[in-house]
Amino acid sequence: METIVLDIGETLVRDDRHWSSWANWLGVPPHTLSALVGAAVAQGREATDALRVLRPDMDVEEAYRARAAAGRGEHLDESDLYQDVRPALGELRAAGVRVVVAGNGSVRAGELLRGLDLPADLVVTSDEWGARKPDPEFFARVAEVAGAAPEATLYVGDHPAEDLFPAAAAGMRTAHLRRGPYGHWWAEHPDVVETADFRIDALTELVGLTGPAGSAPPPPSGGASDAADTAPGGESKVVRRGGLRSVR
């Protein structure tokens, strides 16, 4: 594997601060909002649907701007990173692997992430690119910055519909991370088991997947079939994923 590209939310960054800040803004207990997020996850819906349960007429983007204007916008520091992030990324770079962080997020989130000086060759968010997962344009941009062929590029993320399926459709290798609500709840879904080249519980496991420089390890026994597989009639399997909508 020549390049490893990592998602942001619930892959590198814990989302508990994110949801707690929304709960505080809406004036509800954090547990209430967390439970509603969990319900959305279990239904394969957008996590932000939890906000609309509490405020049915909410424009999330407008509310985001109002929070920022009130001095309660996004914040990110070292405590928001999962503990395995720096060790894993550092080991990958030491092994000669190109490390890219690319996921859904605001321009501000990109600035905050780069301010943490992660051991990565590139850190970029969807808003900075003007394309949001699972849009194929996002993964076209990933392919551009990877500096490697798709089959030598591994995309790592927790969310099947936003990370795993579209990355596989773009011809990349994939690693599904059992982390966060989506990562845990959907980990054993047949489509996840079939599609993921690798299924991991920690980012430090990525170091063992890199193999010799430029190589692409075969999928584990019982793992994914070729990402280019199609259903009868040429329909992509990615568009037939039951119960999993685009989220975040």
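In every chain, residue numbers begin from 1 and rise along the written sequence. In keeping with the model being predicted, local features are shown solely for residues with a pLDDT of at least 70 and side-chain atom pairs are shown and tallied solely at 80 or more, while totals for entire chains, interfaces and linings include all residues. Side-chain numbers come from the whole structure's heavy atoms, not from hydrogens or water.

**Topic: the sheet that holds strand β3 (residues 122-125)**
Note on pairing: two strands pair once DSSP finds at least 2 bridges between them. Helix and strand assignments come from DSSP, with helices taken as H or I runs of at least 4 residues and strands as E runs of at least 2, each series counted from the N terminus. Taking strand neighbours across the sheet as the criterion, the six strands line up as β3-β2-β1-β4-β5-β6 in an open arrangement whose pairing is parallel. With one partner strand each, in any of the chains shown, β3 and β6 (198-200) form the two edges of the open sheet. The average angle at which neighbouring strand axes cross in this sheet is 20°, direction not considered. Relative to β6, strand β5 (residues 173-177) runs parallel, the two being bridged by three bridges. Angles run from 0 to 180 degrees between N-to-C directions of axes, and those axes are lines fitted to C-alpha atoms, restricted for helices to the stretch in contact.

**Overview of the side chain of Asp-80**
Along the chain, Asp-80 turns up in the loop between α4 (60-69) and α5 (85-94). In protein, a polar contact requires one atom able to donate a hydrogen and another able to accept it; more generally it is a pair of N or O atoms within 3.5 Å, and residues adjacent in sequence count only if both atoms are side-chain atoms. A distance of 2.8 Å separates a polar atom in the side chain of Asp-80 from the backbone nitrogen of Asp-77. Only heavy atoms matter for contacts: two residues are in contact if any of them lie within 4.5 Å across the pair. Asp-80 has contacts with Leu-12, Val-13, Arg-14, Arg-17 and His-75, leaving out every residue within four places of it along the chain.

**Thoughts on unusual backbone geometry**
Backbone torsion omega between Lys-133 and Pro-134 reads 10°, so that peptide bond is classified as cis. Along the chain, Pro-134 falls in the loop between α7 (126-129) and α8 (136-146). With a phi angle near 60°, Glu-10 is a residue other than glycine that sits in the positive phi range. With respect to the helices, strands and loops of the structure, Glu-10 is situated in the loop between β1 (3-6) and α1 (16-26).

**Describing the pairing of β3**
One ladder, built from four bridges, connects strand β2 (residues 98-103) with β3; its direction is parallel. Bridge pairing in β3 links Gly-103 to Thr-125.

**Some points on the confidence of the model for the protein chain**
For the protein chain, per-residue confidence averages 87 on the pLDDT scale, and residues scoring 70 or more make up 85% of the total. The pLDDT value tells you how sure the predictor is about a given residue, anywhere from 0 up to 100. This stretch, residues 213-242, has a pLDDT under 50; its non-local contacts, to residues over four places away or in other chains, come to 48 contacts.

**Observations concerning the environment of His-184**
Among the secondary structure elements, His-184 is positioned in helix α10 (residues 180-185). Placed 17 residues apart in sequence, His-184 and Asp-201 show a C-alpha to C-alpha distance of 9.5 Å.

**As for the layout of surface pockets**
By rolling a water-sized probe across the atoms, one finds the places where empty space is left. Computed over the protein atoms alone on a 1 Å grid, cavities are sets of points where a 1.4 Å probe fits but cannot get out and pockets are open sets with protein on both sides within 12 Å along at least five of seven lines; a residue lines them when it has an atom within 4 Å of a point. Grid points are joined across faces, edges and corners, and a volume is the space filled by probe spheres set on the points. Put simply, the largest pocket is a space of about 1,100 Å³. Around the largest pocket sit 45 residues that line it, and His-18, Glu-74, Asn-104, Gly-105 and Arg-132 are the ones nearest its centre. Secondary-structure elements contributing two or more residues to the lining of the largest pocket are α1, α2 (30-42), α3 (49-54), α4, α6 (107-115) and α10. Of the residues forming the lining of the largest pocket, the biggest block, five residues, is contributed by α1.

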